[in-house]
Amino acid sequence: METSSFTGLINNVALLLAMGIVYDSLGLQNIRHRLLRDSVSGVLVGLLAMAVMLTPWELTPGVFFDARWVLISLCGLFFGIVPTCIAVVMAVSLRIFQGGAGMYVGSAVIILPAGIGLIWRYLSEKYEQPLNWWRLYLLGLSVQIVVLGLMLFMPADLRFKIIAAIAPTLLSFYPIGTMLLGLILRRQQDRREAEREVLISRQNLNRERGLLKGLIDALPDQIFIKDTQGTYLGCNKAFQTFLGKTEEDIVGKTDHDLFVDSQAIQNEQEENLVTEHLTTDNQEQWCNHNSGDRILLETLKTPFWDTNGLLQGLVGISRDITEKRKAQEHILTLSQAIEQSPVSVVITSLEGDIEYVNSTFEQVTGFSREEIQGQNSRILKSGRTPVGRYAELWQHLGQGKSWRGEFQNQRKNGEIFWEQAHIAPVYDSEGQIKHYLAVKQDITQQKAQEEKILHQAHFDSLTNLPNRFLSLNRLETMLLEAKRNKHAVAVLFLDMDDFKKVNDTLGHATGDKILVEAAKRLELSVRDADTVGRLGGDEFIVLLNHLDNAEQAQPIAQNLVSQFRKALHVDGREIMLTMSVGISVYPSDGTSPAELLRNADSAMYHSKAQGRNSYHYFTEEMNIGAERRLLLEEQLHNALDRKELHVLYQPVIDLKTQNIIGAEALLRWNSPMLGSIPPSEFIPVAENTGLIVNIGKFVLKEAMHQSSNWIKTLLPEFKIAINLSPRQFRDPQLIEYITEEMTTNQILGSNLELEITEGVLMAQHADIDEAIAKLNGQGVSISMDDFGTGYSSLSYLRSYPFDTLKIDRSFINDISIDPADLELVYATIDMAHGLGLKVIAEGVETQEQMNLLQKKSCDMAQGYYFSKPVTPDVFETMLTKQVKQTCS
């Protein structure tokens with residue numbers, strides 16, 4: 001081996017070791033961005049390689065030798081692929097630039113060692129092998145062997161000369177140089193890793209200290225630390241705020257420096273007990289806050305020790321419980337108020353198990369608190385409350401809504417009583433329902449009074465017979481049933497002959513007794529299914545149901561007349577008063593209660609004209625009426641297609657403000673052949689033929705379309721009232737059609753009121769009940785129309801979700817001249833308000849009628865006094881004028 005080759009190569013190794021130390025001093029590991037750090041490292045290694053290549057040993061021109069492959073292989077081992085690739089590109093570029101016979105082999109001795117270094121790195125990481133001295137030596141040796149092998153690709157005349165010249169140095173010193181340089185790099189790497197771990201540990205420690213301090217300072221409770229002598233060692237922000245001092249002002253001080261003597265002495269005594277007995281102490285103490293407020297502190301003091309078990313002092317935690325104490329006192333006040341409340345208060349679990357009752361509950365139900373707690377609220381059920389009411393209750397509670405209603409419950413002794421209940425969910429702080437609260441009031445006496453009012457409103461106070469109101473109600477029911485079952489109903493109008501003379505002669509007291517006896521005799525003369533009522537004065541009505549024909553009424557009428565040919569016994573006297581009777585029969589003599597009553601009245605006067613003490617059928621207009629009805633039916637069939645039907649609007653007035661708040665949609669028919677046909681005449685025909693379904697849809701569509709414009713532009717709270725007939729409710733598509741029209745016209749449930757008569761409800765079909773429930777569920781108001789003309793109105797008011805009661809015009813007509821009618825209307829208003837219903841009076845035609853209704857707080861009215869039914873344009877003008885006046 002030539003001395004020059006040995007010396008040159010050894011110089012390269014020494015230069016590498018020196019450059020390794022220089023590289024470490026540059027601190028490239030401090031560059032945080034990895035790609036940037038790798039790029040800079042790669043450039044630096046490339047520069048080192050180029051520096052080595054610029055001090056080579058040149059065997060022949062163009063054949064250079066240096067330690068570049070050592071540097072590049074260690075770069076692959078320690079720095080990874082990015083720096084290695086950059087260094088390889090730089091070194092290869094220089095070698096190509098240098099040229100010569102060994103240019104290609106010279107490039108290969110850069111690239112292959114780089115690959116060996118990367119492979120060695122990969123295997124070390126995969127198998128987790130440490131880079132100790134002998135592994136580094138093996139790396140160096142393997143690289144040198146590869147380099148010697150590459151020399152075989154040199155020109156034939158040079159290859160063995162080169163190997164002979166460099167092999168001893170490469171196989172002896174270069175592996176050692178690789179090992180030394182690798183150890184230097186590894187130790188640098190280990191040192192940097194250790195420094196990094198120390199730095200991370202220090203940062204973690206500082207962060208944990210800061211976190212602990214921040215955590216303690218963030219706590220709202222006051223925290224302080226004292227040594228065994230009572231000297232403050234530290235505190236948190238809350239304690240500093242309490243004293244109005246900084247931590248520097250507090251540390252090193254005692255309570256005598258910070259508090260008044262009395263409080264300092266008390267603190268000292270408590271803390272001596274803690275440190276002497278090594279126990280935890282918990283005390284409540286009123287203190288002065290630095291703001292000047294008096295606050296109540298709950299303080300927990302406990303000793304603490306060092307790691308050797310030596311007592312160091314105590315830790316105190318104080319909490320401001322002033323608001324908590326006030327809340328407790330407030331809760332105590334509320335608890336006492338609930339306990340002493342005049343209404344029953346019950347708290348149950350979500351399953352209805354009773355958890356709390358107040359004393360009023362015990363008094364009302366007869367159950368003691370001990371007996372009832374843990375029992376389910378079903379224990380109060382009497383079986384008389386409709387099942388649907390419980391379903392409605394649980395539906396509301398399940399939706400998180402409160403519910404209000406009435407129950408017929410049972411006391412401990414079995415006695416039935418009425419309760420009005422308001423039941424609501426109770427939420428916790430997270431918004432979850434945890435309990436149910438029921439506030440209930442015993443309304444048994446109120447119900448008894450309501451029953452009395454209801455009875456007075458429907459029964460004659462003298463004879464206890466159904467009055468005019470109830471009699472006509474029952475007649476309407478009979479007519480609906482007769483219509484369904486195709487049978488006849490007879491109306492007998494009875495008037496006592498010469499009663500006025502007897503009344504004037506014997507006095508009103510005797511006259512009343514005569515009427516009572518007459519009522520008893522009438523009730524005994526009819527069948528159980530028939531109704532006897534008093535219309536007023538000496539006028540009575542008898543309703544005969546389930547007749548196959550008109551002739552079946554004759555024997556009953558004949559019996560009634562004969563019964564009054566016998567003397568009435570009153571106050572020991574025998575009084576002879578005969579009876580004149582008029583008979584009208586459904587359907588031949590009329591299809592409505594009013595028409596039948598009118599025709600029976602005419603027949604009764606005919607009996608009087610014929611000598612009294614007799615009965616007569618109404619037959620005068622039978623044929624004419626039948627012909628008229630046939631013609632109406634024929635023309636009505638295509639009236640909708642011919643656009644003969646139109647909708648008018650009659651304003652509904654708020655009696656308090658005298659403002660229009662809504663309207664009733666009223667159907668009108670102008671026939672080119674028949675002229676203007678009143679609804680009372682063509683609506684029954686539409687009902688009988690089924691045409692009412694399509695006509696009803698027409699009214700719904702027109703009214704909602706027109707109302708939507710008024711709601712949007714003039715009066716958002718405007719409410720349109722639309723009548724629905726019994727036949728419409730049998731249409732399975734009715735509710736879907738109403739919902740679609742509401743959606744199309746953007747009508748809210750609160751803007752729509754549907755008026756139904758009890759005739760709709762008498763069929764008692766489940767689909768009708770379901771339809772009403774669905775409408776009510778959408779917020780649509782339900783109104784009882786023509787109240788007072790049927791006999792079951794009251795029961796329906798209590799069984800269905802009505803919002804409004806509409807008093808029939810027949811009861812409004814005479815309220816200004818007939819005290820009896822006025823009292824009846826007033827009783828109806830009181831009853832409706834007692835049931836939570838609003839009242840609307842129809843047929844108001846005079847100011848006097850309006851004043852009488854206002855006096856009794858009737859809610860709304862409509863009638864010719866305010867306006868007749870008008871076209872949409874006229875109604876819109878009226879509403880626009882009102883809005884402008886209101887705005888001005």
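Being a predicted model, the structure only gives us computed values, none of them experimental.

Scoring rules and cut-offs
- Residues numbered from 1 in each chain as written.
- Predicted model: local features only at pLDDT ≥ 70, side-chain atom pairs only at ≥ 80, totals over all residues.
- Heavy atoms only, no water.
- Pairing = 2+ DSSP bridges.
- Helix = DSSP H or I, 4+ residues; strand = E, 2+ residues; numbered from the N terminus.
- Axes fitted to C-alpha atoms, helices over the stretch in contact; angles between N-to-C directions.
- Contact = heavy atoms within 4.5 Å.
- Phe/Tyr/Trp six-rings, centres within 6.5 Å; stacked < 30°, edge-to-face > 60°.
- Buried < 20%, exposed > 50% of the residue type's maximum accessible area, 1.4 Å probe, protein only.
- 1 Å grid on protein atoms, 1.4 Å probe; cavity = no way out; pocket = protein on both sides within 12 Å on 5 of 7 lines; lining within 4 Å.
- Points joined across faces, edges and corners; volume = space filled by probe spheres on them.
- Nonpolar A, V, L, I, M, F, W, Y, C, P; charged D, E, K, R; others polar.
- Salt bridge = Lys/Arg side-chain N within 4 Å of Asp/Glu carboxyl O.
- Polar contact = N/O pair within 3.5 Å; in protein donor to acceptor, adjacent residues only side chain to side chain.

### As for the sheet that holds strand 11 (residues 416-427)
Okay, step 1: Taking strand neighbours across the sheet as the criterion, the five strands line up as 9-8-12-11-10 in an open arrangement whose pairing is antiparallel. Looking at which strands have only one partner, the edges of the open sheet turn out to be strand 9 (354-357) and strand 10 (403-410). Averaged over all pairs of adjacent strands, the angle between strand axes in this sheet comes to 30 degrees, irrespective of strand direction.
Okay, step 2: Bridge analysis of strand 11 against strand 12 (residues 433-442) gives nine bridges, and the strand direction is antiparallel. Among the inter-strand pairings, isoleucine 423 is bridged to a residue of strand 12, identified as alanine 438.
Okay, step 3: Sheet strands touched by helix 15 (residues 387-398): strand 10, strand 11 and strand 12. Its angle to strand 10, the strand with the most contacts, is close to 140 degrees.

### Section: the packing of aromatic side chains
For any pair of aromatic rings, the description consists of the separation of the ring centres together with the inter-plane angle of the planes.
Okay, step 1: Under the counting rule described, the total for this entry stands at 16 aromatic pairs.
Okay, step 2: With a centroid separation of 6.3 Å and an interplanar angle of 35 degrees, the aromatic rings of phenylalanine 242 and phenylalanine 259 are classed as tilted. Remark: phenylalanine 259 occurs in the loop between helix 10 (255-258) and helix 11 (261-277) and phenylalanine 242 occurs in helix 8 (residues 237-243); sequence separation between them is 17 residues.
Okay, step 3: Residue classification places phenylalanine 242 among the buried positions, given a relative accessible area of 3%.

### Examining empty space enclosed by the protein
Okay, step 1: Per the counting criterion, the structure on display carries four cavities of 30 Å³ or more.
Okay, step 2: Forming the boundary of the largest cavity are 19 residues, of which Phe224, Asn267, Gln285, Thr299 and Ser318 lie nearest the centre.
Okay, step 3: Mapped onto the lining of the largest cavity, the elements with two or more residues apiece are strand 3 (222-227), helix 8, helix 11, strand 5 (281-288) and strand 6 (294-305).
Okay, step 4: Among the elements that take part in the lining of the largest cavity, helix 11 stands out by supplying four residues, more than any other.
Okay, step 5: A breakdown of the residues in the lining of the largest cavity according to their chemical character gives seven nonpolar, seven polar and five charged.

### Describing the pairing of strand 3
For a regular strand, side-chain orientation follows a simple rule: the groups alternate between the two sheet faces.
Okay, step 1: With five of its six residues buried, strand 3 lies for the most part within the structure.
Okay, step 2: Where strand 3 and strand 7 (residues 311-320) come together, six bridges link them in antiparallel fashion. Its bridge partner lying in strand 7, lysine 226 is registered against leucine 314.
Okay, step 3: Both strand 3 and strand 4 (residues 232-235) contribute to a ladder of three bridges, which runs antiparallel. Bridge pairing in strand 4 places phenylalanine 224 opposite cysteine 235.
Okay, step 4: Between strand 3 and strand 4, which pair antiparallel in sequence order, lie four residues; one of them, glycine 230, sits at a positive phi of approximately 85 degrees.

### A closer look at the pattern of salt bridges
Okay, step 1: Enumeration over the complete set of coordinates arrives at 26 salt bridges.
Okay, step 2: Here lysine 226 and glutamate 271 are joined by a salt bridge, their closest N and O atoms 2.7 Å apart. In this pair, lysine 226 is assigned in strand 3 and glutamate 271 in helix 11, connecting sequence segments 45 residues apart. Considered together, lysine 226 and glutamate 271 belong to a single accessibility category, that of buried residues.
Okay, step 3: Among the salt bridges present, the one from glutamate 371 reaches lysine 412, with a minimum N-O distance of 2.6 Å. On the criterion of sequence distance, the pair formed by glutamate 371 in helix 14 (residues 369-372) and lysine 412 in the loop between strand 10 and strand 11 is long-range, its members being 41 residues apart.

### Concerning helix 3 (residues 68-78)
Okay, step 1: Most of helix 3 sits out of view: eleven of its eleven residues are buried.
Okay, step 2: For helix 3, the set of buried residues is Arg68, Trp69, Val70, Leu71, Ile72, Ser73, Leu74, Cys75, Gly76, Leu77 and Phe78.
Okay, step 3: Just downstream of helix 3, glycine 80 is the residue with a positive phi angle, here 95 degrees.

### With respect to the side chain of serine 607
Okay, step 1: Within the element layout of this structure, serine 607 appears in helix 21 (residues 593-609).
Okay, step 2: Of the residues examined, serine 607 reaches a relative accessible area of 0% and is grouped as buried.
Okay, step 3: Polar side-chain contacts of serine 607 include one of 2.7 Å to the backbone oxygen of valine 581.
Okay, step 4: Filtering out sequence-adjacent residues up to four positions away, serine 607 remains in contact with Ser580, Val581, Arg612, Ser614, Tyr615 and His616.

### Some thoughts on unusual backbone geometry
Okay, step 1: Between tyrosine 586 and the following residue, proline 587, the backbone shows a cis peptide bond with an omega angle of 10 degrees.
Okay, step 2: Within the element layout of this structure, proline 587 appears in the loop between strand 18 (579-586) and helix 21.
Okay, step 3: The backbone of glutamine 746 sits at a positive phi, close to 55 degrees, despite the residue not being glycine.
Okay, step 4: Turning to its location among the elements, glutamine 746 is positioned in the loop between helix 26 (734-744) and strand 24 (752-756).
Okay, step 5: A relative accessible area of 57% places glutamine 746 in the exposed class.

### Describing the environment of threonine 877
Okay, step 1: Relative to the helices and strands, threonine 877 resides in helix 33 (residues 872-887).
Okay, step 2: Along the backbone, threonine 877 and leucine 596 are 281 residues apart, and their C-alpha atoms lie at a distance of 40 Å.
Okay, step 3: Polar side-chain contacts of threonine 877 include one of 3.0 Å to the backbone oxygen of aspartate 873.

### Digging into the sheet that holds strand 6
Okay, step 1: Spatially, five strands are ordered 4-3-7-6-5 in an open sheet, and the strand pairing comes out antiparallel. Strands at the two margins of the open sheet, each flanked by one partner only, are strand 4 and strand 5. Within this sheet the neighbouring strands show an average axis-to-axis angle of 25 degrees, counted without direction.
Okay, step 2: The strands that helix 11 touches are strand 3, strand 5, strand 6 and strand 7; relative to strand 5, the one it contacts most, it runs at about 170 degrees.

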